[in-house]
Every structure is written in C-alpha cells, then in structure tokens.
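Secondary and tertiary structure notes
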Amino acid sequence: MARYIPPVQSKLGQVIDVIVLVVLSVGALFVPLWLGLAGSAKLPVPVENPTWESLGQNPVMVAQWNKLGFPDAASAHDMITARYDYSFSWISLAVMVIVIVGYFVMMIRFSDIEYREVIAEKFGEK
Amino acid sequence: MAHSDMDVDHTAHGQSMGLLRVLGPAHVWALGVGIVLVGEYMGWNFAVGKGGAYAALIACWFAGVLYSCVAMIDSEVTSTVAAAGGQYTQAKHIIGPLMAFNVGLYLVFAYTMLEAGNAITLGFLVDTVAGMTGHEGGLDQRPFIVLAIMFLAWLNYRGVLATLTFNLVITAIAFVAIITIFLATSPLLGAGEMLHKDLMSGQASLPYGWLGILAAMHFGLWYYLGIEGTTQAAEEVRSPARSLPFGTLAGIMTLLIAATLTWYVCAGLMPWEYLGDGVNGAVAPLFSAAQITGSSALVWLLGIGTLFATLASANGCINDASRAWFSMGRDHYLPAWFGAVHPVYRTPYRAIIFLVPIALIFALGAPLDQVITFSILSGLLGYTFMPINMIMFRKKWPLDTIKRGYEHPLHPLPAISLMALCSVTYFAVFLGYGTQLIAMIGFYIVVSLWFHFWRYRFVKRADQFTMPWPRPRGY
Amino acid sequence: MDTWNYIEYGAWGLSALFGLLIVIDWIKIDTTYSEEMLTSSREGVLEAMTEKHKLEGGDGTF
C-alpha cells in the first residue's frame, strides 16, 4: 500500500484547531449551566414550624447538629429536607442508552476503518 | 510549520530527545494514590447525599471492585504498552485512531477537571482557616486557587523527579492523617465516639430506598478516580513492566483501606444530611469530622492532610493531563507544536503551559459538583473503553504471541464485571445529572466527527503503531 | 485590613511570579533551540531498543 503523506498544516490552521477544541469543551460544561439545565436539583421540601422531631432527628443527631453549628431545627431545615428528584421517564432513559451505545458503536466503527489502514501500511497488504 | 513534516529516522536514537527515565515503583504509587487520595478528603460524600450513609458504603465497595478490575486490566496492557499517554497509546495500538483520540480527551478532561476541583477545595480550606483564626468578612479565594495551579504547573515544568518525590512525601502525610483520625476516634485506641447506630437509624438508614444505592455509585467512583493515571508515567519509569503493575496494585489496596476508614469516621460523626451536602455542608468531610471531635491537634492534622491531598492530586493531574496532551501532539492528533520536550528539564512543557489557563477557567468559573461530575463522566467513559480494549487485546494478540509483564487472572471475568459496573454507573449519573451526561456525550460525538473527517488527515498512518508487535490476528 | 488581606496580596504576587518564571523560560527555550530538536521525541523509541519481541508474520516497514 502506498505510504500516506499527510499535508503540512499551517501555523494558523494549528491555532484554529486548538481554538475549536477549547470552545467545544468549555461549551460542553458551561452551556448546561447557563441554560439552567444542570441537574443536581436538590430542593428543600418545606416543613411548617420545624422541630427536630418533625424533621426525623433523634437526640444523638441533634447533638451532632449542635456541634456543627446548627443550634435549632429551623437553621438546619433546608439542609435536612433537601432531596433529589429521582423520578424519570423511561423515554429519557431509552434516549440516554441509545446515545451512549450509539456513540461507542460509531466510534469503534470509524476507528476500525482507520486501524485497518494503519495495519495495512505498517505490515503491508495481506 | 517546517518541523511538522520532518521525518526522523527511527534508528537515530541518539538525536531524538525524549522524556527522562528516572522513576521507581514508589513514584508510581505516589502518582496513583496522590491523585486519588483527595477523593477521601472531599467529593466522595456527595454519594452520601445521593443515597444515605449505607448507600455510600455499598457504593464504596462496589466501586472498589470496579477499580480492582481497572487496575488488573490496566496493569496487563500497560506492562506491554509502555509509553507516555497510557490508555491513549493502548487504544491507538489496540482499537484504532479515533478511539485513541477520544481516550486521550477523556484523560485530559478527567484530570484537568479534577485539578480544578482540587484548587476549588484548597481555596475553601484557606477561607475556613482564615475564619477560624478570626478573619472577618470572608476571604477572596481566587488568589489561592490561582496560586495552587501556578505553583504546581511550575513544579511540573521543572522536572518529573522532583514533582513526584514531592508527591510521595505529601501523599504519605495525607494517608497517615486518615489513619490517625481513625485511631483517635475509634474504640480501639481513642475515646470511641462513633455514633453509627444512632446516626444511621430510622429515616437516615436508606433515605432514598434501594434506588439510592444505585444513585450513590455516581460519586462512589470518586473514592478511586484517577488511579489509572499511573500508566502515564510509563515513559519515565525505569522498568515499566515491573514497576507499573506493582505501583498500581499497591495503590488500589491503599485506597480501599483509606476509603473504608474515611467512611467509617465521617458516617460515625455527622448526620447524613450534613455529610452529604458537599456544597453548603461538609465540603471537606474529614476536616469537618476533626472539627467535631473538638481536638485542635486533629483539626490541624486533618487540615494539613486536606491541603496536602489537594496539592498532591492537582500535581499528579497536571502531570498526567500534560503527558496525554503531549502524546497526542506528538502523533499530530493535535497540533504538532504540543509534542515538544523541554531540552533541559525533559518535560512536555508546552502541554503543561497550555493546560494552565484551561484549568483556571474551570476552577474559577464552575461549581464544585459540576466540575466533579465532568471529571467523573470523562473517567467513566474511559473505564467503558477498558473492557473493550482488553477483550480486543487478547483477541488480536493472544497470550502466546507477545510477552506481557503482567497477566491478569480470570479473563474475561474482570472485563465483563467492569462493563456491568460501568452500566450501573451511567444509570446512577443519569439519576440527577442526566443533562450533563447528554451534553458530555454530545461533545464527544461532535469532536469525534471533527477528528475523523478533518483532523485525521494530518496524521501519519503507519508511524502511529510504534510497538514492536507482530501483525494483529484478523487484520 | 488584617494579616489575611496581606496574605491574599502575597498569593496574587506569588502566582504572578511563578507564571512569569514559566513564561520567561518558555520564551528562552523556544528562541534558543530549533523546532526540529524540540519536537524530536518519538514514542516507543526506547522499547524498540530494549525489548525484543519475536516478530511473527509481517515485518515493520521502517
């Protein structure tokens, strides 16, 4: 197989490639944040006139809360009642599975095409 | 650029300038454990928040199994593929260029995000100490975040031996601090002030039920994330085939002990709601635990432990991320400019410099749990690659075709269990952080297409395959 | 203004110092050595020298 000679990349091209990568990666983290879509929506479930008992805390727990700087139930209320919402739709789960599996399948197939080329050039055609 | 099409004769060893082989097995241990140990000082406790204290312990052990598989698989492949870039180089030889490009990015992001997380924790710690010593009105954490990153980048720039010797010392101190607080608070030696029974009763036992255990796996990874980074040192270790498996497996054992002790101490002192809230509650749980005991000696020790653990981790992360970035530059997967080695210090200095502002953007601009999730997701994608990698490695080069420094037992059982645990963890991330998961995969899909259809044209084909191996079976 | 405020300024100062040290050395190195020399590292060069695997079927093209 003929040896593949890659084109020479200009300095500007190299800089542009780096910028593209940086923009994409920063975007992947910050776009969900900016859109307010980032998960971890841990919301307090309000309890009227909280007492340690109504928040489900036994005396030992109360003693530890006090040591941590929470003198009464009201001060610890938000932290104690905050809960994740784990309800999910099966459709979104299915979408996630398809996206992940699809990603790996696509990647391995493209890799294999490129890999065969590498092996053919390195070891010669069979 | 004139140099990018330069063709160095592979036999001209004398003229090429490579990294320096100066490290021993203890450095490998320090690199692996150093990166990870901070996971016991911060971050793992989000697992408590996602499922309660019991769930966090179960997640800790399941993740321990996952990482034992990772360590075994990694040890076998890396004792054979001994090159900087670690899993990136493995993927390049075993699966193919696009996979390698993705794996390289997983590594860079997992480590750079972890580095950012470390810097954030360090800033918080300095702030807390300032508050404890009577400083009013809070502290500007930014200079300390920036200083940590700049100092460690400088250290890395100056040479790998000093960097990892520094890591060895501070990691050992941080590890001893965990053992000390365990001994001081357990009934074995100390006062026996552990309150597990009462703190984990009633609603606090499994606040989210069984689903919580699954969900906790998300941050359960954090107890160990980064141990696979030992392979990045492959080009700088004196005898990689022996030191890498030894350092990696010793590292995972250290971490199993440290993780369990940490859980024991923290779950026995703090209500789960506080412990599990790593943003407003226990940002640095071991430090908080020391504060509860009321012993100022322990507060100082664990404060120093937290500080050292964050530094060791950020240090190792800079080391690993820059090796991966450098390797990709060397193969022209990224602009060739990054493939440069410092002629005096023999470090991949341009990669180190480039990653400094990236780490700063994330450390100064994003909340801790988001940064950690970004890091965990990149790590998780990397672990998903490993079983695929292992199965293909054994298939293309069965045991009798090339000599391995270490052969892991029970193949393909570790690969299959690793794959199963990864699937569980994807589901765990999906519970609560589904958007980031999709955003992240979306990112990797886009860059994959970019690589396959654009960037790959600059890569020399056969030159990527550098191992002296025979032709793979079936190709 | 208390000690911690000075420590803050100190941290900014040290950050700048480390940054400066890196950048100065970087410029010095890039202007002293040629690109060919700096990017001459090749993966696996050492392995090729020290490890001898039996090659079966196919031979290297280089």
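A few points on the structure. All residue numbers here refer to positions counted from 1 along the written sequence of the relevant chain. Both sets of labels track the order of writing: A upward for chains, 1 upward for ligands. The predicted nature of this model means local features are confined to residues of pLDDT at least 70 and side-chain atom pairs, given and counted, to a pLDDT of 80 or more, with totals for whole chains, interfaces and linings taken over all residues. Side-chain measures were taken over the full set of non-hydrogen atoms in the model, leaving aside hydrogen atoms and water.

**With respect to the overall build of chain C**
Each helix and strand counted, chain C has three helices and zero strands in total. Segments assigned H or I by DSSP are reported as helices when at least four residues long, segments assigned E as strands when at least two residues long, and all are numbered from the N terminus. In sequence order, the secondary structure elements of chain C are arranged as α-α-α. Relative accessibility decides the category of a residue: with a 1.4 Å probe and only protein chains considered, values under 20% of the type maximum give buried, values over 50% give exposed, and everything between is partly exposed. Of all 62 residues assigned to chain C, the portion counted as buried reaches 31%. The accessible surface values rely on the Shrake-Rupley method and a 1.4 Å probe; as for residues, cover is taken only from the protein chains in view. With the model as given, the accessible surface of chain C reaches about 4,000 Å², and the carbon-plus-sulfur share is 66%.

**Quick notes on the nonpolar core**
Residues belong to one nonpolar core when they are buried, are Ala, Val, Leu, Ile, Met, Phe, Trp, Tyr or Cys, and are joined through side-chain atoms within 4.5 Å. Grouped together as the largest cluster of nonpolar side chains are 235 residues, with contacts concentrated most on F104 of chain A together with Y67, F101, Y224, W325, Y383 and Y444 of chain B. Here the element with the most residues in this core is helix α5 (residues 97-132) of chain B; it accounts for 20 residues. Residues contacting W325 of chain B, with those up to four places away along its chain left out, are L21 of chain A together with L105, V108, L334, F338, A351, F354 and L355 of chain B. Whether two residues touch is decided by their heavy atoms; if any such pair falls within 4.5 Å, the residues are in contact.

**Brief notes about the environment of M37 of chain C**
Summarising the element assignment, M37 of chain C is placed in helix α2 (residues 35-38). If sequence neighbours within four positions are ignored, M37 of chain C has contacts with M17 and P343 of chain B.

**Side note on α5 of chain B**
One less than the residue count of a helix, multiplied by 1.5 Å, gives the span that helix is expected to have. The end-to-end C-alpha distance of α5 of chain B is 52 Å, a good match for the 52 Å that 36 residues give at a rise of 1.5 Å each. The positive-phi residue at the C-terminal boundary of α5 of chain B is G134 of chain B, with phi of around 95°.

**Quick word on empty space enclosed by the protein**
In this analysis, the protein atoms alone were mapped onto a 1 Å grid. Cavities are point sets where a 1.4 Å probe fits without being able to get out; pockets are open sets with protein on both sides within 12 Å along at least five of seven lines; lining residues have an atom within 4 Å of a point. Grid points are joined across faces, edges and corners, and a volume is the space filled by probe spheres set on the points. Across all of its chains, the model carries seven cavities of 30 Å³ or more by this definition. Forming the boundary of the second largest cavity are L21, V22 and S25 of chain A together with L105, V108, F109, W325, F354, L355 and I358 of chain B. Mapped by element, the contributors of at least two residues to the lining of the second largest cavity are α1 (11-34) of chain A together with α5 and α14 (349-365) of chain B. As a working rule, the residues Ala, Val, Leu, Ile, Met, Phe, Trp, Tyr, Cys and Pro are called nonpolar, Asp, Glu, Lys and Arg charged, and the rest polar, with Gly in that last group. Here the residues of the lining of the second largest cavity sort into nine nonpolar, one polar and no charged.

**Structural notes on the interface of chain B and chain A**
Between chain B and chain A, the contact holds 102 residues from the first and 69 residues from the second. We define buried area as the total accessible area lost by two parts upon association, computed with a 1.4 Å probe and summed across both. In this assembly, chain B packs against chain A so that about 7,700 Å² is buried in total across both faces, 71% of it on carbon and sulfur atoms. Salt bridge criterion: a side-chain nitrogen from Lys or Arg within 4 Å of a carboxyl oxygen from Asp or Glu. Counting every contact that joins chain B to chain A gives three salt bridges. Notably, a salt bridge pairs R3 of chain A with D463 of chain B, separated by 3.0 Å at the nearest N-O pair. Pairing of N or O atoms within 3.5 Å defines a polar contact, subject to two protein rules: one partner must be a possible hydrogen donor and the other a possible acceptor, and residues neighboring in sequence count only if both atoms are side-chain atoms. Where chain B packs against chain A, one counts 24 residue pairs in polar contact (both at pLDDT 80 or more).

**Notes on a nonpolar patch on the surface**
Residues qualify for a patch when their relative accessible area is over 30% and they have no salt bridge, like charges being joined within 9 Å and the nonpolar side chains of Val, Leu, Ile, Met, Phe, Trp and Tyr within 5 Å. A cluster of nonpolar side chains, contributed by V169, I173, W300 and I304 of chain B, occupies part of the molecular surface with about 380 Å² of accessible area. With respect to the element layout, V169 of chain B can be found in helix α7 (residues 160-185).

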